[in-house]
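Descriptive structure summary
Next come the chains, spelled out residue by residue.
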Amino acid sequence: MNHEQSRALYDRALSVMPGGVNSSVRAVRPYPFFVQKGDGGHVVDADGNRYIDFVMGYGPLLLGHDMPEQVQSAVQQRAAEGPMYGAPTEVEVELAEFVTRHVPSVEMVRFVNSGTEATVSAVRLARGYTGRDKIVVMQSGYHGAQESTLVEGEGDHTAPSSPGIPESFAEHTLTVPFNDPDAARDVFDEHGDDIAAVLTEPILGNYGIVHPIDGYHETLRGLCNDHGSLLIFDEVITGFRVGGLQCAQGKFDIEPDITTFGKIVGGGFPVGAIGGKSEIIEQFTPAGDVFQSGTFSGHPVTMAAGLETLRYAAEHDVYDHVNGLGERMRSGLQDILEDQAPEYTVVGTDSMFKVVFTRDGPDTFEGHCEAGCQQRPECPRYDHCPKDGGDVKQAETERWERLFWPAMKERGVFLTANQFESQFICDAHTAEDVDDALEAYKEAI
Ligand SMILES: *Cc1c(COP(=O)(O)O)cnc(C)c1O
């Protein structure tokens, strides 16, 4: 593969943008390929190389790169009528109606412009609503580039994980390992009266894809109920992907108090949203006192793209298709690993998948999770599969990033660039794409 154009573009980019990119995960070594265009389930780079794309913009592209006719015409019409106004439009109401109709816990929604903005606003809302300052997050959970969740450490011994964040932010953030009910109980025993909210992804999607163990979300829900704290599900990745239109909360049958959305709900344009019970969401200004505002919020082009994308998904068998291919991919990967790397773990559900390069394998494969780790206690792999972000970090992350990722790229398969981020199937992918990718895995692992 020739990468001359990408190399030259990166050379220019390094002079004018920090690290040559606008989002840090894109800066793969030695340099990223620059995308010229998308094409269904593929991308074509500046040198004309074509890749099967399982990055899908890091999650937003449920349908792939070709907008169906109804999405494309809605977007073009909106753009042609003037991109935005600073006054409300019907399409915002329609998307809000769609979301509240399909997501069980959501009665009202406020649209913003990114997942980060959604989680920032959700944390402020929870603090404003409860009159408490502390929030509980999962160790190595990801909620965007926000001060309150960029923390490291354990329990109440937390510190900012980035320079530029005052210690005082971390003082109000408590961390627990995902899938550890005792740790959650302990933190509530000690700080219960001060905890405004628990903020977690229903499935860790930014740290290897970790499925909840049976009963974990119920434990969190119960602890929040007992202590007057709110449960916030960050469904920025899982929303309108896992569990289809009802989202992961519908699949797991858990009602969070607040849900954050992003990614898919904007149909490929910048978006975020905060939803929940009316009583809580109406604390946002101007209905309530918790300040929340944004010049671009509810942007008509984004709203049209999100609405038509979700309508398209509702009217076609999009979720059956992507979830079926997800299963084909994960079980195909499982077969490859049994032969070639039995210590590695296939993770993911619905249209999400990844291989975690774990270091210890089971003695037998009998009765194991067939198409992605489900954290079943009866699975022979249960004692080895990653239960939280820390376990994923113990995997062969360097091998994944430095040897495996480039080998897949050379074989025309574009994966998220490190061990931690999820990969995605889109509606434009075919069984042949999956089988081609599996061939590449077979060679590269
Ligand atoms: C992507 C993501 C975010 C951040 O969203 P941005 O749009 O990148 O700001 C927050 N939470 C989760 C779970 C995410 O996956």
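If you look the protein chain up in an unreviewed UniProt entry, it shows as Glutamate-1-semialdehyde 2,1-aminomutase from Haloarcula pellucida. Per its UniProt entry, the protein chain bears the Catalytic activity (unreviewed entry) comment "(S)-4-amino-5-oxopentanoate = 5-aminolevulinate". Taken from UniProt, the Subcellular location (unreviewed entry) comment for the protein chain reads in full: "Cytoplasm".

Strand order in the open sheet formed by three strands is 13-14-16, with antiparallel pairing between adjacent strands. What marks the edges here is a single partner per strand, and that holds for strand 13 (345–347) and strand 16 (423–424). Note that strand 14 (residues 352–356) and strand 16 share two bridges and pair antiparallel. Note on strand 16: the bridge partner recorded for Phe353 is Gln423.

This part takes up unusual backbone geometry. Following Arg29, the chain continues to Pro30 via a peptide bond in cis, the omega torsion being -5°. Take Pro30: it is sitting in the loop between helix 1 (4–16) and strand 1 (35–39). The backbone of Asn179 sits at a positive phi, close to 70°, despite the residue not being glycine. Here Asn179 lies in the loop between strand 8 (173–176) and helix 6 (181–191). Asn179 sits in the buried class, given a relative accessible area of 8%. Here Ile209, not a glycine, exhibits a phi torsion of approximately 65°, which is positive. By the element assignment, Ile209 lies in the loop between strand 9 (195–200) and helix 7 (216–227).

Cut-offs applied
- Residues numbered from 1 in each chain as written.
- Predicted model: local features only at pLDDT ≥ 70, side-chain atom pairs only at ≥ 80, totals over all residues.
- Heavy atoms only, no water.
- UniProt positions renumbered as here; feature names shortened; annotations may be inferred.
- Pairing = 2+ DSSP bridges.
- Helix = DSSP H or I, 4+ residues; strand = E, 2+ residues; numbered from the N terminus.
- Buried < 20%, exposed > 50% of the residue type's maximum accessible area, 1.4 Å probe, protein only.

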